[in-house]
Amino acid sequence: MTSTDLSKPAAASGTFAIGGDLVVNRLGFGTMQLTGPGVWGEPADRAAAIAVLRRAVELGVTLIDTADAYGPFVTDALIREALYPYADGVAIATKVGFTRQGPNQWIPVGRPEYLRQQTELNLRHLGVDRIDLLQLHRIDPKVPLDDQIGELAALQSEGKVRHIGLSEVSVQDVEAARAIAPIVSVQNLFNLTNRSAEPLLDYSSANGIAFIPWFPLATGKLSGSGSPLAELAASHGVAPSQLALAWLLRRSPVMLPIPGTSSVAHLEENVAAAALELSAEEYAALDALR
């Protein structure tokens, strides 16, 4: 293990300074799975959700990712109940720009007045005066980008937002947004089996932009019986999903995976992946899987 504190295994993932000054351990935690089915409503076991959040911080997780649309506002309330007052070094990233009409329903709305309203509600529900990282959940094609990023920049200038990020974007989107305001992070689907955002990852790596992959644990058919991933996992005595996280962490120093779960046991398994050390040959073998 590379961490000097065995009680904080997430620290073995190393650190990254988002925006140059928001230092977090690279292996974070995503809260979307703490809601009800379809990312709608309360969790089946609220006490268990609270326990997962508290255990994440105990294990050294310092980046907690949420969104107003999760529930909606269910995960914000859980985070506040579990972690407030927030420990020094714990950063909360949230998102605005998605409306919810029911389970599994998501419609982007990027009107400036809506983005401002949701940011103010995030501040209230999380119990903070400033959001560490505010991400535009989706770019609304019906609203000029200048209006969307411009409103987030206005909130930043008012001291209500520390840093601005984007979610599910292309390199071109990021470049257009960076012409309006500093963009310090992107959050796109990326994992061992889906690397469609690789050009964005390479761009982020070259420009020091945090890359937050969502759905990072996916292994799909790659982890089937007798597969190279399954055999390598067996040789390490770990789960294939842990190898998927270890591969992500080695893929780029700007990579900040945020695996989510509603189980303390699964959380502990995920965080343990921070200490997995892949040889150059093992990394290359995983990288060759498609």
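You'll find the structure just up there.
The written sequence of each chain sets the order in which its residues are numbered from 1. Given that the model is predicted, a residue must reach a pLDDT of at least 70 before its local features are reported, and side-chain atom pairs must reach 80 or more before they are shown or counted; all residues, however, enter totals for whole chains, interfaces and linings. For side-chain calculations, the full set of non-hydrogen atoms in the structure is used, while hydrogens and water are omitted.

Novice: Mind showing me how you'd approach the packing of helix H2 (residues 74-83) against helix H3 (residues 112-126) here?
Specialist: To describe two helices that pack against each other, one gives the angle between their axes and the distance between the axes. Only C-alpha atoms enter the line fits that serve as axes; for helices the fit covers just the stretch in contact. Angles between N-to-C directions range over 0 to 180 degrees. Strands here are runs of E lasting at least two residues and helices are runs of H or I lasting at least four, both read from the DSSP assignment and numbered beginning at the N terminus. With their axes 8 Å apart at the nearest point, H2 and H3 run at an angle of 30° to one another. In terms of orientation, H2 lies roughly parallel with respect to H3. Mapping the contact onto sequence places Asp 76, Ile 79 and Arg 80 in H2 and Asn 122, Arg 124, His 125 and Leu 126 in H3. Each residue gets one of three labels, nonpolar for Ala, Val, Leu, Ile, Met, Phe, Trp, Tyr, Cys and Pro, charged for Asp, Glu, Lys and Arg, and polar for the others, Gly among them. For the contact of H2 with H3, a count of residues per class yields two nonpolar, two polar and three charged. Angle categories: roughly parallel below 35 degrees, roughly antiparallel above 145, roughly perpendicular from 65 to 115, and oblique for all the rest. Two residues qualify as a contact provided that any one of their heavy atoms is within 4.5 Å of a heavy atom in the partner residue.

Novice: Help me out: how do you make sense of the nonpolar core in this one?
Specialist: With 87 residues, the main nonpolar core has Ile 18, Phe 29 and Phe 211 as its most contacted residues. Phe 211 has contacts with Val 186, Asn 188, Phe 190, Ala 197, Leu 200, Leu 201, Ser 204, Val 254, Met 255 and Leu 256, leaving out every residue within four places of it along the chain. As used here, the term nonpolar core means buried Ala, Val, Leu, Ile, Met, Phe, Trp, Tyr and Cys residues forming a set that is joined through side-chain atoms within 4.5 Å. Any residue under 20% of the maximum accessible area for its type is buried, any over 50% is exposed, and the rest in between are partly exposed; the area is computed with a 1.4 Å probe on protein chains only.

Novice: Can you help me understand the packing of aromatic side chains in this one?
Specialist: Pairing of aromatic side chains here covers Phe, Tyr and the six-membered ring of Trp, requires ring centres within 6.5 Å, and sorts the geometry by plane angle: under 30 degrees stacked, over 60 edge-to-face, intermediate tilted. Counted by the stated rule, this structure contains five aromatic pairs. Ring centres 5.6 Å apart and planes at 85° place the aromatic pair Phe 190 and Phe 211 in the edge-to-face group. Here Phe 190 is found in the loop between strand S10 (185-189) and helix H6 (198-207), whereas its partner Phe 211 is found in strand S11 (residues 210-214), with 21 residues between them in sequence. Note on Phe 190 and Trp 247: the rings are 6.0 Å apart at their centroids and 10° apart in plane angle, and the pair reads as stacked. One end of the pair, Phe 190, is in the loop between S10 and H6; the other, Trp 247, is in helix H8 (residues 240-251), with 57 residues separating them in the sequence. The class for Phe 190 is buried, based on a relative accessible area of 0%. Assessed through its relative accessible area of 0%, Trp 247 is described here as buried.

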